Amino acid sequence: MDHRREDQDADPGVAPQPTREVVVSVKVVLRNPHREVTIDGRRRVHALLAELQLSRESHLVIRNGTLVPGDAELDVDDVIEIRPVISGGS
Amino acid sequence: MKCRTCRGPAIIDLPRHNANFCAEHFMQLCRRQTSKAIDDFDMIARDDRVLVAVSGGKDSLAVWDLLIDLGFDADGLYIGLGIGEYSETSRRYAEDFASARGLHLHVVSLPQEHGFDIPTAAKATGRVPCSACGMSKRHIFDQVARDEGYDVLVTGHNLDDEAAVLYGNVLRWDTDYLARQLPVLPARNGFPKKVKPLIRLTEREMAAWCIIRGIDYIVEECPLAAGNRHLNYKDALNAMEEKSPGSKASFYLGFLERMAPLLESTARAGTETLRPCSRCGAPTGSATDDSCAFCRLTERSSAHAPVAVEAFLKKPRQRRREQAAESAEQASS
């Protein structure tokens, strides 16, 4: 998986500088309890849930207000919410 | 991922159906599954007056929305349980849903109309909060349905809820509870008909329905429910479901199809001893008291000093001890 991307803005008329790597991070909001985590590198939804050890069966992922399926790739500008769907009580 | 029906972009994957769906065709699936449950079990007739038990959570708001969407005439009933800020917030979600759609919502406040709240009831009776809460809600649902002349009481119990209860009942081989775990309880002896139209849909699907339909609901868990037995059962079932999609549906719907008919005689035996409560007139099956369990709960709770929600925000070890005691109590009853 691509965890980093290279800076593409180098001027071609200038002698090449050592490559500068920019870490891409995705901000994710979790609920119950409410908290934010930052994940380095782009992820697909299933990979993100697995990394956070969250069950696919008991969570939904919402990107910019819209549901996304397991193979959707989450990007740096996305607003991501992982919403638990399990409720208790009798 | 593409929608199985239209090949457009999917917004949800449903491993148990081995399929993905766009918003439109996911909603079509939810409507079809709800209609199938209603039809298969003769839950609701077209001219029935329907009362939906509404908590402000996803399932109850989703089932109310689905019933209206399917053309049923349905009002809502919200019960304020006095669980601090959680109750205030959940009431706002229920009221906002109803007012935005021009629907009628009955509101009953346990503290105002019965003189106690759930934290106090739990302490006063030594019950776990979910037990006191469930008993209070069932009593008030029945009472309002009876007093207001509704034909059917609808609850938002979904496939996960029913599978978790079934799992617990099977672990204890509690044949009385197993015999009564049906998606329709017919009206009898003063109890209204009770139905569960969401038994073919999962919690994840109902949360997705709400997000797609723009329904705001209380996402936070009840502070008194954290760590309860049903949540543990759901975790266990979801672990199985992930490895073997369709397990929950096969477990619960298979029970209804093949096991429940074998328990019919046990279910019938449980209805024979009901009589009216000497205080409120509600049907009761108590062999030792003239009054019903809710009236006894009310008497003890309203006489008890008020207890704050925070008194129940306990450490995990305390919770485990209580759960073990509750399981032992149920096993011996």
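What counts and what doesn't
Residues numbered from 1 in each chain as written. Chains lettered and ligands numbered in written order. Predicted model: local features only at pLDDT ≥ 70, side-chain atom pairs only at ≥ 80, totals over all residues. Heavy atoms only, no water. Helix = DSSP H or I, 4+ residues; strand = E, 2+ residues; numbered from the N terminus. Contact = heavy atoms within 4.5 Å. Buried < 20%, exposed > 50% of the residue type's maximum accessible area, 1.4 Å probe, protein only. Areas by Shrake-Rupley, 256 points an atom, 1.4 Å probe, with all protein chains shown as cover. Lys, Arg positive; Asp, Glu negative; His and termini not counted. Charge placed at Lys NZ, Arg CZ, Asp CG, Glu CD. Core = buried A, V, L, I, M, F, W, Y, C linked by side-chain atoms within 4.5 Å. pLDDT = per-residue confidence, 0-100. 1 Å grid on protein atoms, 1.4 Å probe; cavity = no way out; pocket = protein on both sides within 12 Å on 5 of 7 lines; lining within 4 Å. Points joined across faces, edges and corners; volume = space filled by probe spheres on them. Nonpolar A, V, L, I, M, F, W, Y, C, P; charged D, E, K, R; others polar. Buried area = accessible area lost by both parts, 1.4 Å probe. Salt bridge = Lys/Arg side-chain N within 4 Å of Asp/Glu carboxyl O. Polar contact = N/O pair within 3.5 Å; in protein donor to acceptor, adjacent residues only side chain to side chain. Right-handed = clockwise from strand over helix to strand, strands pointing away. Arc of directions from axis to C-beta.

**So, the overall build of chain A**
Then, in step 1: On a plain count of helices and strands, chain A comes out with 1 helix and 9 strands.
Then, in step 2: Along chain A, from the amino end to the carboxyl end, the secondary structure elements read β-β-β-β-β-α-β-β-β-β.
Then, in step 3: Across chain A, contacts joining residues at least 24 apart in sequence account for 46% of those joining residues at least 6 apart.

**Considerations on the overall build of chain B**
Then, in step 1: When helices and strands are tallied, chain B shows 14 helices and 10 strands.
Then, in step 2: Counting only C-alpha atoms, chain B reaches 60 × 45 × 45 Å along its principal axes.
Then, in step 3: Within chain B, the fraction of its 333 residues that count as buried is 52%.
Then, in step 4: Residue pairs in contact within chain B that sit at least 24 positions apart in sequence constitute 70% of those at least 6 positions apart.
Then, in step 5: Here chain B has roughly 15,300 Å² of accessible surface; of this, 49% comes from carbon and sulfur atoms.
Then, in step 6: In chain B, which carries 43 positive and 45 negative side-chain charges, the distance between the mean positions of the two groups comes to 5 Å.

**Concerning the nonpolar core**
All names here are of chain B.
Then, in step 1: Ranked by size, the top nonpolar core spans 69 residues in total, and within it Phe 26, Ile 44, Val 52, Trp 64, Leu 67, Val 154 and Trp 209 carry the most contacts.
Then, in step 2: Not counting residues within four places of it along the chain, the set of residues in contact with Phe 26 comprises Ile 12, Leu 14, Phe 21, Glu 205, Ala 208, Trp 209 and Ile 212.
Then, in step 3: Judged by nonpolar contacts, the second largest core, of 33 residues, contains Cys 130, Met 135, Ala 225 and Phe 294.

**Topic: the confidence of the model for chain A**
Then, in step 1: Put simply, chain A has an average pLDDT of 78, and 72% of its residues get 70 or more.
Then, in step 2: Under a pLDDT of 50 for its full length, residues 1-12 of chain A has, in the predicted model, 20 contacts with residues more than four places off or in other chains.

**Some remarks on the layout of surface pockets**
Then, in step 1: In this structure, the second largest pocket encloses a volume near 520 Å³.
Then, in step 2: Along its surface, the second largest pocket is lined by 21 residues, and Arg31(A), Asn32(A), His59(A), Pro84(A) and Ile86(A) are the ones closest to its centre.
Then, in step 3: Going through the elements one at a time, strand E9 (80-84) of chain A together with helix H10 (229-243) of chain B are the ones with two or more residues in the lining of the second largest pocket.
Then, in step 4: Sorting elements by how many residues they give to the lining of the second largest pocket places H10(B) first, with 6 residues.
Then, in step 5: Counted by class, the lining of the second largest pocket contains 8 nonpolar, 6 polar and 7 charged residues.

**Description of the interface of chain B and chain A**
Then, in step 1: Contact with chain B, which involves 32 residues of that partner, is made by 24 residues of chain A.
Then, in step 2: Around 2,400 Å² of area is buried between chain B and chain A when both sides are counted, 53% of it from carbon and sulfur atoms.
Then, in step 3: If you sort the residues of chain B by the area they bury against chain A, Arg204(B), Ile211(B) and Val219(B) come out on top, with a joint share of 24%.
Then, in step 4: Where chain B touches chain A, the interface holds 2 salt bridges.
Then, in step 5: Of the charged contacts in the structure, one is a salt bridge between Arg31(A) and Glu220(B), with a shortest N-O distance of 3.4 Å.
Then, in step 6: Between chain B and chain A we count 15 residue pairs in polar contact (both at pLDDT 80 or more) in total.

**Concerning the pairing of strand E5 (residues 105-109) of chain B**
Then, in step 1: With 4 of its 5 residues buried, E5(B) lies for the most part within the structure.
Then, in step 2: After leaving strand E4 (residues 74-80) of chain B, the chain enters helix H3 (residues 84-101) of chain B and then returns to the sheet as E5(B), a path that is right-handed.

**What about helix H13 (residues 293-302) of chain B?**
Residues that lie three or four places apart on an α-helix share one face, since the helix turns once every 3.6 residues.
Residues and elements named next belong to chain B.
Then, in step 1: Along H13, the residues that are buried comprise Phe 294, Cys 295, Leu 297, Thr 298 and Ser 301. The buried residues of H13 occupy an angular sector of 160° when the element is viewed end-on, so they sit on one face.
Then, in step 2: Tucked into the core, H13 has its buried residues touching helix H4 (110-114), helix H5 (118-125) and helix H6 (129-147).

**A short note on empty space enclosed by the protein**
Then, in step 1: In this structure the tally under the stated criterion is 2 cavities of 30 Å³ or more.
Then, in step 2: Roughly 90 Å³ of volume is contained in the largest cavity.
Then, in step 3: Lining the largest cavity are 15 residues, with Val45(A), His59(A), Val68(A), Asp13(B) and Arg204(B) sitting closest to its centre.
Then, in step 4: If you list the elements that add at least two residues to the lining of the largest cavity, you get helix H1 (45-51) and strand E6 (59-63) of chain A together with strand E1 (12-14) of chain B.
Then, in step 5: Split into classes, the residues belonging to the lining of the largest cavity amount to 9 nonpolar, 3 polar and 3 charged.
Then, in step 6: Its boundaries defined by the atoms lining it, the second largest cavity holds a volume of some 40 Å³.
Then, in step 7: Surrounding the second largest cavity, Glu57(A), Leu14(B), Pro15(B), Arg16(B), Thr202(B), Arg204(B), Glu205(B) and Glu241(B) form its lining.
Then, in step 8: Among the residues forming the lining of the second largest cavity, the class breakdown is 2 nonpolar, 1 polar and 5 charged.

**Brief notes about the side chain of Asp160(B)**
Residue and element names in this part refer to chain B.
Then, in step 1: Looking at where Asp 160 falls in the secondary structure, it is placed in helix H7 (residues 159-171).
Then, in step 2: Residue classification places Asp 160 among the buried residues on the basis of a relative accessible area of 3%.
Then, in step 3: Within the structure, the side chain of Asp 160 is placed 2.6 Å from the side chain of Lys 248, a separation counted as a polar contact.
Then, in step 4: When sequence neighbours within four positions are dropped, the list of residues in contact with Asp 160 reads Thr 202, Glu 203, Lys 234, Asn 238 and Lys 248.

**Side note on unusual backbone geometry**
Excluding glycine, residues mostly have negative phi values, and the peptide bonds linking residues are mostly trans.
Then, in step 1: Each neighbour pair has its own omega, and for Asn32(A) with Pro33(A) the value is 0°, a cis peptide bond.
Then, in step 2: Within the secondary structure, Pro33(A) is located in the loop between strand E3 (25-30) and strand E4 (35-40).
Then, in step 3: Although it is not a glycine, Asn64(A) adopts a positive phi angle of roughly 50°.
Then, in step 4: Mapped onto the fold, Asn64(A) is located in the loop between E6 and strand E7 (66-67).
Then, in step 5: Phi is positive for Asp42(B), which is not a glycine, with a value near 45°.
Then, in step 6: When you line up the elements, Asp42(B) lands in the loop between helix H1 (23-40) and strand E3 (50-54).

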